[in-house]
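Topology and contacts: notes
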Amino acid sequence: NEFLLNYCVPTRLKELELPALGHSDVLIKMLAAPINPADINMIQGTYALLAPLPAVAGNEGVGRVLEVGPGVVALSPGDCIIPADAGLGTWRTHVVLPEDSLLRVPSDVPLLCAATLSVNPCTALRMLSDFESLAPGDCVIQNAANSGVGQAVIQIAKAMGIKTINVVRSRPDLPQLVERLLALGADHVVTEDALRKPEMKEIFKSAFIFKDVRLRGFWMTQWKKDHDKQSMASMVDTLCQMVRRGQLSAPACTEVPLEDFRKALAASMQPFTSSKQILLL
């Protein structure tokens, strides 16, 4: 594991001097930031969005505003914020960023919910809203249902009255995983092995041919590029309201101090990972 970590993720802690606060800038104390697969891919250089090196890693997280520049109009000291876009470098204790790169979130949204709000739940909501016109009683099927986005799909679909069939890989703790996904609102949880049975293959083959089943890619970062900041803010507000109503919770998380980031990186790359590593900053 140590060899894998050193080979794939050449990262280290480093003290940097903060830039001066500009006219429309915001000084932020970062509070928590997750490690997502996209973060690992960016560090490895295999992601579609790469930051000029040297760079601070991390695309998602939550922070608190400490100070604002004289031209800042929508944020005030004490506000909680999340990134409006990817690539801002959230794995740090403090950062100065332009106001237009940030979104305010209500202070009553729990820390781990806010820290994990802008990637997985947004992706889940867009997939459930934009691909087909789904109505209460409809059913969707997803693989990797134990992932962060999978857990969000289960909860958001439940809130929308949509049933979910959730596919996971067989693993030693399968009964516990099934129980956890059912508790989130999953209607059915099945293994990949069950889907490989001949009768299941025939069902999906017929659906693909005769039911107009289509394949489409989706990238949340591209969605943000294609929409204005207000669209992103509206989506985040929708998700925050779901959190407040108890319909959306944070994924299963493991909180790790920043100084133990190597341990968190190694854990995030292990197989059958169902707990998202959260760096406490």
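The present account deals with the structure reproduced in this document. (Residues numbered from 1 in each chain as written. Predicted model: local features only at pLDDT ≥ 70, side-chain atom pairs only at ≥ 80, totals over all residues. Heavy atoms only, no water.)

1. Examining the overall build of the protein
The number of helices and strands found in the protein is 11 helices and 10 strands. Relative to the 2.2 N^0.38 estimate, which gives 19 Å for 281 residues, the radius of gyration of the protein is 20 Å and therefore close to what a compact globule would have. Seen through its C-alpha atoms, the protein measures out along the principal axes to roughly 65 × 45 × 30 Å. Taken across its 281 residues, the protein has 41% of its residues classed as buried. If you take every contact in the protein between residues at least 6 apart in sequence, the share linking residues at least 24 apart comes to 72%. (Helix = DSSP H or I, 4+ residues; strand = E, 2+ residues; numbered from the N terminus. Rg over C-alpha atoms; globule rule 2.2 N^0.38 Å. Buried < 20%, exposed > 50% of the residue type's maximum accessible area, 1.4 Å probe, protein only. Contact = heavy atoms within 4.5 Å.)

2. Describing the sheet that holds strand E7 (residues 163-168)
Spatially, E6-E7-E8 is the arrangement adopted by the 3 strands of the open sheet, whose pairing is parallel. Bordering the open sheet on either side are strand E6 (139-142) and strand E8 (188-191), each of which pairs with just one other strand. Each neighbouring strand pair of the sheet contributes to a mean axis angle of 20 degrees, computed without reference to strand direction. Relative to E7, E6 is paired through 4 bridges, and the arrangement is parallel. For Cys-139, the partnering residue across the bridge sits in E7 and is Lys-163. Contacts from helix H5 (residues 148-160) reach E6 and E7 within the one sheet, and its direction differs from that of E7 by about 165 degrees. Helix H6 (residues 174-184) rests against E7 and E8 of the sheet, and its axis sits at about 150 degrees to E8. (Pairing = 2+ DSSP bridges. Axes fitted to C-alpha atoms, helices over the stretch in contact; angles between N-to-C directions.)

3. Quick notes on the packing of aromatic side chains
Within this structure, the stated rule accounts for 2 aromatic pairs. Here Tyr-47 and Trp-219 contribute two aromatic rings whose centre-to-centre distance is 5.8 Å and whose plane-to-plane angle is 75 degrees, an arrangement assigned as edge-to-face. Residue Tyr-47 is found in the loop between helix H2 (37-44) and strand E2 (62-68), and its partner Trp-219 is found in the loop between helix H8 (198-210) and helix H9 (220-226); the two are separated by 172 residues along the sequence. Residue classification places Tyr-47 among the partly exposed residues on the basis of a relative accessible area of 22%. The class of Trp-219 is partly exposed, set by a relative accessible area of 26%. Ring centres of Phe-131 and Phe-218 lie 5.9 Å apart, and the angle between their planes is 70 degrees; on these two criteria the pair is classed as edge-to-face. One end of the pair, Phe-131, is in the loop between helix H4 (120-130) and E6; the other, Phe-218, is in the loop between H8 and H9, and 87 residues separate them in sequence. (Phe/Tyr/Trp six-rings, centres within 6.5 Å; stacked < 30°, edge-to-face > 60°.)

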